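Fold and contact review
The chain contents come next:
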Amino acid sequence: MCGICGFVNLNGTPVDAAIIARMNRAMFHRGPDDEGVRIDGDTAMAMRRLSIMDPAGGHQPISNEGGDIWIVFNGEIYNAGQLRETLKQQGHHFETTTDTETIVHQFEQDGIDGVHALRGMFSYALHDVRPESGRCLLLMRDRLGIKPLYYYRDQKLLAFSSELTSLLQHPEIAREIDPVALNQYLATGIVASPATMFRNVRQLMPGHYLMLKGGELTEKAYWRIPGQSNLTVTFEEACSRTRVLLEESVKEHLVSDVPVGAFLSGGIDSSTIVAMMAQASSRPITTFSVRFQGSGYDESAYARMVAERYQTEHYEFSVPDKGFDEGLLRGMITHHGQPTADSSALPTFMVSSLARQHVKVVLSGDGGDECFAGYSHYGWLKKIGLLCALPLSLRKALLATLRGGANTTLFGGVSRLRTVINALEASLAGKHRLPLEVLRLNGADSINSLLQPKWRMVDADVWQDIDDELANSDMDTVASAQRFSCRYFMPDAYLPKVDRMSMAASLEVRVPFLDHRLVEYALSLPGEMHWQKGVGKQVLRAAVADLLPDDVFSHKKQGFSIPLHTWADENYYKLAEDLLNEDAVRRRGIFDPISVRRLIERCRGREQRRAALESEYRLSHRLFQLVVFELWCRMYLDDLPEIPSLANMVRHD
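Note that the coordinates shown come from a computational prediction; the quantities given were computed from them, not determined experimentally. (Residues numbered from 1 in each chain as written. Predicted model: local features only at pLDDT ≥ 70, side-chain atom pairs only at ≥ 80, totals over all residues. Heavy atoms only, no water.)

**Quick notes on the pairing of strand S2 (residues 34-40)**
The sheet contact formed by S2 and strand S3 (residues 43-49) spans 7 bridges and is antiparallel. Looking across to S3, one finds that glycine 36 is bridged to methionine 47. Counting the residues that bridge the hairpin from S2 to S3 gives 2 residues, and of these glycine 41 lies at a positive phi of roughly 65°. (Pairing = 2+ DSSP bridges. Helix = DSSP H or I, 4+ residues; strand = E, 2+ residues; numbered from the N terminus.)

In C-alpha cells:
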C-alpha cells in the first residue's frame, strides 16, 4: 500500500526535482516506511511505501530485468504469487517477491491487456522507455475504483497523484472551482467522477487507463459494471455460488507478510468477513469497532456478539454523543482534498487510528450493500417507481398542492407530508435517477436559491454524464439502483472515505466484497432475487446463515455516520457562524448570504416552522455541507496545505 505521484513536462523541459519531492512529501502518511523517486529527463515518478509484501525487498520504483519498464504502484494484487510462477515459466526473472514487480513483468508479457490478469485493488503508473514503445506513460486504476488516481493535463503538463493535496503541489496547476462539481456537491454532498471540485483536475475512472504516447493522451475502459445475465439460476444455486466466491475472496485478501485484522461494525457484511477470516486463519483475528454513545447509530453490541463467537481480540473506540472537534474536521477535508459532506469519515478515521496501534492491514465489509442490495432505500425506490405509472401532469399537480399545504401547516402536520412530497418529487426524474433523487440533500430549486446567479446550472446539465451512462436500461428498480450505487456513491463517496481516512492513519484497508468476480456474479442476478418481501441481501443472508448469530440478521440496519443533529454543540454552531456570516459569504461570492443565514437559523431551531423537506437529518447535513465547503475554500483556494493536517496526528509503531 502506497501513494504514487509524478508528472511529465510535455514540452520536453527537464524535471525540477524540488517539485516531485514536494508532491511526494505531501503523501508521507500513505507510506511512512519508505520513499522512492525516479527522474528521467522530462518525466518524474515517486512513491511513499507502507510495507506489506516483502518489506525488505519492495523498494519502488521497480523495473524489469532490462531497466526499460518502470513502475510506481499503490494497492495489492492478491493473485501475484500465481502470476509470478507463470511468468517465471515464461522466462521472466524476478528480484523480489513483491506484487509490484509482478505487474511489470505481466505488462512486459501481455502489454495493456495484462491488467485483465490482476485481481486486487490498484492504481499504478508505468513508464515504458523502450524505443519501440515510443516512451509511453500508462496510468491504470482498478475495476471498482478502490484505489484513487487524480490527474491534470494541459498543453505543457500531465501530472498525477493518489491524493489531491499532493497533485496541487505542482505550481502549474490552478486552483479554481468547477461549477458542475459545485452543483453536484450541493445536491448530494459528493462530486461525481471524473470531475473534481477543481476545474481541469480529473479522476481516472474506475476500470479505465490513461496512456500518454507520442504527445497524445488516450483514455479507455478495460472493464465496465456488468449488466444482468441471461443465465437462469435458482435461488439455492445463487447462494451456493456466492458462498464459494466470497470464501475465495476472503482467503486471497488474507495474503500478507504482516498481521491482518478486521473492522467489525456488527452488521451482516463486516460480520461475514470476520467469520470467514476466522475459518481461514490459523491464528486469532483482531477486530475493531466504533461505539456511538447514546445514539441510534450504535451496533457495538452485535459486534461484540460476533467477536465472542469467533473469539477475536476485540477493541472498541467510543465516540461521545456530543463532541465537536474542529481539528479532526479540518484533517478530514485536507485528506480528501475536496469537500465531502459524509460525516462518517470522522469515525472511520477514529477506528482506523485504533486499528493502526495493533496492525497495518484490516479487512472491511464495504461493498456488500451495493453488490447484494442492502440499502433500506432500495425498498423505498420500488414504491416510488409505482408512482411513475401516474401521468406526469397529475404528479406535478399533486406535488404543488401538498407543498402549498406544507407551507401553511403547523410543524406537527408537516412531518406527515414529508414522505409523500419527497416521493412525488423523486418520481419526476427518470427511473435510473431515482437513487440520486431519494438521497438528495438539496433539490434543484433549493440549490438555485442558495447560489449566486453566475454559479447556477440547469440540473440536467449537472448530471448529463450519469444520465448518458445509465438512462437506457430495462433492468428492474433494484438492479438499476445497484448499478447507480456502484457507479456513483461507492467510488465517489464510500471508497474515498475509507481510503483517505485509513491512509491518514497509515493503515491498509482491503475490501473482499469488491473482488471483481464476486461483483460480476452478484450483479448478474436479478435485483428481485436480492430484494424480497421488503428485505434486501436475501442471497447473501442465505449464503452465510450458518456463520452468524440470528440477531445480526434481524436487528435494524444502522448507519455509520455521526448523528449531526445531536452531535452539533455550541462550538460547532460558533464555527458555522464565524465561517458563514453574511460578510464572509458575500466576499466569497458563491452563496446568497440571506439563504445561508436562514439555514443556520433553522438548524438552531430558531424558526417555528420548517418546510416539509427539511427533516433534522437534511437540515443538519445541509449546514455541514456549507461548513465543510467554506473550510475547504480557506484551505485550498485561499491557501494550500503542504501536507494533510491529520498526518501530524498519526503515530506509528
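**Here we look at the confidence of the model for the protein**
This prediction gives the protein a mean pLDDT of 89; 91% of its residues lie at or above 70. The model gives residues 648-653 a pLDDT under 50, and that stretch makes 9 contacts with residues more than four places away or in other chains. (pLDDT = per-residue confidence, 0-100. Contact = heavy atoms within 4.5 Å.)

**Considering the pattern of salt bridges**
For the structure shown, the criterion picks out 41 salt bridges. Of the charged contacts in the structure, one is a salt bridge between arginine 433 and aspartate 467, with a shortest N-O distance of 2.9 Å. Of this pair, arginine 433 sits in the loop between helix H14 (411-427) and helix H15 (434-439) while aspartate 467 sits in helix H18 (residues 464-470), and the two are 34 residues apart along the sequence. Each member of the pair, arginine 433 as well as aspartate 467, is classed as buried. Each of Arg30, Lys147, Glu163, Asp499 and Arg500 takes part in a single network of salt bridges with overlapping partners. (Salt bridge = Lys/Arg side-chain N within 4 Å of Asp/Glu carboxyl O. Buried < 20%, exposed > 50% of the residue type's maximum accessible area, 1.4 Å probe, protein only.)

**A closer look at the sheet that holds strand S4 (residues 62-63)**
Two pairing modes exist for strands in a sheet, parallel and antiparallel, and in both the strands are linked by backbone hydrogen bonds. Read from one edge of the open sheet, 6 strands run S4-S5-S6-S7-S11-S12, paired in antiparallel fashion. For this open sheet the edge positions go to S4 and strand S12 (216-221), each flanked by a neighbour on one side alone. Where strand S7 (residues 136-141) and strand S11 (residues 208-213) come together, 4 bridges link them in antiparallel fashion. Pairing of leucine 137 across the sheet is with leucine 212, part of S11. In the packing of helix H3 (residues 99-110) onto the sheet, the strands contacted are S4, strand S5 (69-77), strand S6 (120-128) and S7, and the crossing angle to S5 comes to about 125°. (Axes fitted to C-alpha atoms, helices over the stretch in contact; angles between N-to-C directions.)

**Structural notes on the side chain of arginine 119**
Structurally, arginine 119 can be placed in the loop between H3 and S6. The class of arginine 119 is buried, set by a relative accessible area of 18%. Looking at arginine 119, its side chain comes within polar contact range of the side chain of glutamate 252, at 2.6 Å. Setting aside residues up to four positions removed in sequence, arginine 119 forms contacts with Glu76, Ile77, Tyr78, Asn79, Gln82, Glu252, Asp515, His516 and Arg517. (Polar contact = N/O pair within 3.5 Å; in protein donor to acceptor, adjacent residues only side chain to side chain.)

**Remarks on helix H2 (residues 80-89)**
Every buried residue of H2 is accounted for by Ala80, Leu83, Arg84 and Leu87. For H2, the angular spread of the buried residues around the axis is 105°, confining them to a single face. Buried-residue contacts for H2 involve S5 and H3. Where H2 terminates, the next one or two residues include glycine 91, which has phi positive at roughly 100°. (Arc of directions from axis to C-beta.)

**Quick look at the packing of aromatic side chains**
A full pass over the atoms with the stated rule returns 18 aromatic pairs. Ring pairs connect the aromatic residues Tyr375, Tyr378, Trp463, Phe484, Tyr488, Phe489, Tyr494 and Trp531, which therefore count as one cluster. (Phe/Tyr/Trp six-rings, centres within 6.5 Å; stacked < 30°, edge-to-face > 60°.)

**Focus: the nonpolar core**
Soluble, globular proteins show a tendency: their nonpolar side chains are buried together. Grouped together as the largest cluster of nonpolar side chains are 98 residues, with contacts concentrated most on Phe591, Leu623, Val627 and Phe629. Take this core: its biggest share by element is 12 residues, from helix H28 (residues 616-637). Apart from residues lying up to four places away in sequence, valine 627 is in contact with Leu329, Tyr572, Leu575, Ala576, Leu579 and Leu580. In terms of nonpolar packing, the next biggest core, distinct from the first, is built from 71 residues, Ile69, Leu363, Leu518 and Leu525 among them. (Core = buried A, V, L, I, M, F, W, Y, C linked by side-chain atoms within 4.5 Å.)

**A look at the sheet that holds strand S14 (residues 286-292)**
Pairing is parallel across the open sheet formed by 5 strands, whose spatial order is S15-S14-S13-S16-S17. Across the chains shown, the open sheet's two edge strands, defined by having one partner strand only, are strand S15 (313-319) and strand S17 (508-510). Across this sheet, the average inter-strand angle for adjacent strands is 30°, counted without regard to direction. The sheet contact formed by strand S13 (residues 260-263) and S14 spans 2 bridges and is parallel. If you follow alanine 262 over to S14, its bridge partner there is threonine 287. Helix-sheet contacts for helix H7 (residues 268-280) involve S13, S14 and strand S16 (361-363), and the interaxial angle to S13 is about 155°.

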